[in-house]
Amino acid sequence: MRVSRLMLVTLRDVPADAEIASHQLLLRGGYIRRVGSGIYAYLPLMWKVLRKISAIVQEEMDATGALETLLPQLQPSELWERSGRWQGYTAGEGIMFHLEDRQGREVGLGPTHEEVVTSLAGELLRSYRQLPVTLYQIQNKFRDEIRPRFGLMRGREFIMKDAYSFHADEDDLRRCYGEMDRAYRRIFERCGLQAVAVEADSGAIGGAASQEFMVTAEAGEDLILTSEDGSYAANLEKAVSIANPATPLPEGEVKVIDTPGQDSIDALCNSQDLEPSQVVKVLALLARMESGAQQPVLVCLRGDQELNDVKLVNAISALQNDGVLDVTPVSVEQVANQGLSPWPFGALGPDLDDASLEGAKSWTTSFLRFADPTAKELDRFVCGANSPNQHRWGSRWSDLSCDPQVVDLRNAQAGERCQKDPTQTLMARRGIEVGHIFQLGRKYSQAMEASFTTAEGGQEAFWMGCYGIGVSRLAQAAVEQHHDQAGICWPLAIAPFAVVIVVANMQDETQLQLGEQLYDTLRAEGVDVLLDDRSERAGVKFKDADLIGIPWRLVVGRDAANGQVELVERATREAQVLPTDEALASLREAISTTTSPTVV
RNA sequence: CGGGAUGUAGCGCAGCUUGGUAGCGCACUUCGUUCGGGACGAAGGGGCCGCAGGUUCGAAUCCUGUCAUCCCGACCA
């Protein structure tokens with residue numbers, strides 16, 4: 001390709017609405033244009049990158065025996081009603097774009113494809129003999145994100161590879177999950193990305209095991225904790241650790257202490273000369289359930305610990321066997337609106353009586369009670385006395401008439417010891433989630449009544465897995481991980497072009513001819529080569545070449561007269577002036593070492 | 001949805017306080033000189049000042065409303 005024909009428009013100034021380096025560079029380099037909030041056009045350069053990534057993904061997915069397919073983006077509501085997700089995905093905070101057609105039928109733009117694919121599998125896969133099957137597609141997904149961000153990182157329309165596997169039993173699902181894990185590692189490695197696999201929460205998609213693949217980068221939206229040797233890695237949502245030990249409370253009798261205005265752990269500890277770890281704090285929360293129930297929840301945490309919302313939501317839905325829409329702190333106003341007498345906020349104790357809920361207008365009238373192990377393990381502690389401005393000192397759990405469920409509900413923190421290997425300390429890093437694999441189990445196949453005939457002649461629901469890669473996000477994550485002051489440094493395997501030939505002075509016949517000749521030679525060899533044939537000054541071309549990040553550059557300049565050119569590696573800036581043949585040989589050597597797929 | 005900010009040419013910005021009918025840099029067009037790290041000179045083209053009301057002889061500027069975008073929190077590939 002010739003730059004003069006490439007519709008290349010690069011920007012010198014940084015667009016004001018781009019915050020992070022990768023977003024700025026993609027805009028400045030003429031890779032993407034914003035069309036609307038969270039909606040981007042992939043310009044020709046970007047599309048080449050995306051196709052290269054897709055090709056790697058396809059090769060690796062095909063190698064696992066997965067079948068490529070293309071499922072509709074426009075999906076009828078009935079499918080989603082069968083899985084029970086239509087309401088959750090469209091109403092209120094719903095993430096699915098949806099509309100009504102002229103016949104009054106409701107349809108949604110696919111944010112994901114479990115429903116479509118499960119329903120198809122139910123129709124097509126009738127016998128255990130046909131299993132296992134994995135289907136995958138590279139498709140645009142639509143999600144009505146509340147806050148699109150950072151260019152392609154969180155768009156409302158984005159490209160995703162999603163795969164769904166169907167199995168006769170759980171063991172086979174596990175086998176496939178392991179295979180996908182390995183395929184994913186190869187994909188990210190081939191794309192030149194440093195990625196970490198972390199234990200993750202399954203979130204709204206549900207299911208048993210799940211693992212995320214994070215590209216480590218400062219701009220990442222996720223916090224991950226890893227052990228020093230990397231043997232343990234988890235998303236903060238899921239991470240566990242050994243909490244630092246609590247400071248024991250001095251000997252003494254149980255007593256009630258006056259704590260006027262000491263409503264927070266900080267205030268209490270400062271006034272009473274306590275350590276936060278000597279206190280049990282009690283959080284009153286309200287869970288809105290999918291069934292419509294409004295369930296009050298009391299959570300006991302050691303005073304120095306933070307609540308992990310995701311863990312709490314999971315604990316509630318497991319205990320109630322009902323989905324949780326959200327969990328929010330109970331406010332003074334809400335208590336009043338329920339027609340209840342005021343609660344002693346700031347002095348709540350773990351044994352706050354269910355009588356506090358008697359006569360509530362719309363709330364369930366008994367608390368769901370949880371305690372984090374760090375709180376439950378305290379022998380003696382300080383806690384609220386359930387009367388305003390009073391706390392109890394030296395309480396024991398056995399003295400309190402309550403029996404909370406003990407569940408891990410705290411955030412693990414950097415600096416704490418690793419549960420898997422207590423000799424190691426956890427470190428915090430930031431990551432961009434580029435892939436996520438799940439063992440879904442039979443959640444969707446049961447809901448959608450997708451079943452097959454077993455060897456014994458019975459009907460059973462499929463065991464399913466699903467496996468996603470954010471293709472467009474991955475491309476930007478690669479920029480986030482591979483750039484410098486001057487611009488992008490694409491990993492060779494996903495670079496839009498392997499090499500750019502810069503003719504320094506287009507007026508110089510010798511240079512021009514040598515440039516053209518090199519271009520023809522490389523093109524004939526199937527090399528992805530770009531020729532900068534614009535009649536710009538050399539400086540401009542160098543700046544643009546750096547910005548758009550082509551891994552190799554051949555400069556045809558003043559040494560052209562002696563048959564010499566300069567070969568420059570973008571990432572390292574290493575340059576050598578060589579006779580043309582040698583430069584070509586070095587270049588071939590350099591670009592043959594990659595396993596880059598062929599994309600024309 | 002809550003908190004913060006911004007809307008003026010393709011991009012980056014000034015002008016607004018103190019109303020008088022829009023300007024700078026980059027980009028774009030033409031000519032000349034230049035030609036290995038975003039050249040210089042000259043001459044050009046391009047703006048519903050987000051939108052709608054209002055105040056005023058007169059509004060980019062003041063007032064009201066509205067829309068959009070971005071940043072911080074809840075969602076996720």
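The shown structure was predicted, so the numbers you read here are calculated from the model rather than taken from an experiment. For every chain, the first residue of its written sequence is number 1, and the numbers climb from 1 along that sequence. The naming scheme follows written order: chains are lettered A onward, ligands numbered 1 onward. Where totals are concerned, whole chains, interfaces and linings use all residues; where local detail is concerned, this predicted model gives features only for residues with pLDDT of at least 70, and gives and counts side-chain atom pairs only at 80 or more. Think of the side-chain values as coming from all heavy atoms in the structure, minus any hydrogens and water.

A. Quick look at the packing of aromatic side chains. Between rings of Phe, Tyr and Trp, where Trp is taken as its six-membered ring, a pair exists when centres lie within 6.5 Å; planes separated by under 30 degrees are stacked, by over 60 edge-to-face, and by other angles tilted. Tallying each qualifying case throughout the model produces 11 aromatic pairs. With 5.5 Å between their ring centres and 45 degrees between their planes, F188 and F213 make a pair best called tilted. Linking F188 in helix 6 (residues 170-190) with F213 in strand 10 (residues 210-216), this pair joins segments that are 25 residues apart in sequence. For the pair F188 and F213, one class covers both residues: buried. Judged by centre distance (5.5 Å) and plane angle (65 degrees), the ring pair of W343 and F367 falls under edge-to-face. With a gap of 24 residues between them, W343 in the loop between helix 9 (332-337) and strand 17 (368-371) and F367 in the loop between helix 9 and strand 17 connect regions that are remote in the sequence. Only DSSP runs of H or I covering at least 4 residues are called helices, and only runs of E covering at least 2 are called strands; the numbering of each starts at the N terminus. Using a 1.4 Å probe on the protein chains alone, a residue whose accessible area is under 20% of its type maximum counts as buried, one over 50% counts as exposed, and one in between counts as partly exposed.

B. Geometry of helix 8 (residues 309-320). Here helix 8 contains 12 residues, and its C-alpha end-to-end distance of 16 Å stays within 8% of the 16 Å for a straight helix at 1.5 Å per residue. Along helix 8, the residues classified as buried are K311, L312, A315 and I316. Each buried residue of helix 8 lies within a common arc of 130 degrees when the element is viewed along its axis, so the set occupies one face. Turned more than 90 degrees off the buried face of helix 8, the exposed positions are D309 and A318. Only heavy atoms matter for contacts: two residues are in contact if any of them lie within 4.5 Å across the pair. Those residues of helix 8 that are buried are in contact with strand 14 (279-289), strand 15 (294-302), strand 16 (324-329) and strand 17. Between the side-chain oxygen at the start of helix 8 and the backbone nitrogen of V310 there is a gap of 3.0 Å, and the oxygen is on N308. Positioned one or two residues after helix 8, N321 has a phi angle of 55 degrees, which is positive. Here a helix's expected span is defined as the number of its residues, less one, multiplied by 1.5 Å. The arc refers to the directions leading from the helix axis to the C-beta atoms. Any pair of nitrogen or oxygen atoms within 3.5 Å is treated as a polar contact; in protein, a donor-acceptor pairing is required on top of that, and neighbouring residues in sequence qualify only through side-chain atoms on both sides.

C. Structural context of the packing of helix 13 (residues 509-524) against helix 15 (residues 580-592). Two elements in contact, helix 13 and helix 15, have axes separated by 12 Å at closest approach and are oriented at 35 degrees. Like other packed secondary-structure pairs, helix 13 and helix 15 cross with a definite hand, here right-handed. Across the interface between the two elements, L514, L518, T521 and L522 from helix 13 touch T580, L584, L587 and R588 from helix 15. Lys, Arg, Asp and Glu make up the charged group, whereas Ala, Val, Leu, Ile, Met, Phe, Trp, Tyr, Cys and Pro make up the nonpolar group; the residues left over, Gly among them, are polar. For the contact of helix 13 with helix 15, the class distribution of residues is 5 nonpolar, 2 polar and 1 charged. Only the stretch in contact is used when a helix axis is fitted, and all axes are lines through C-alpha atoms; the angle between N-to-C directions ranges over 0 to 180 degrees. The handedness criterion is simple: a crossing whose near helix is rotated anticlockwise from the far helix by less than a right angle is left-handed, and one whose near helix is rotated clockwise is right-handed.

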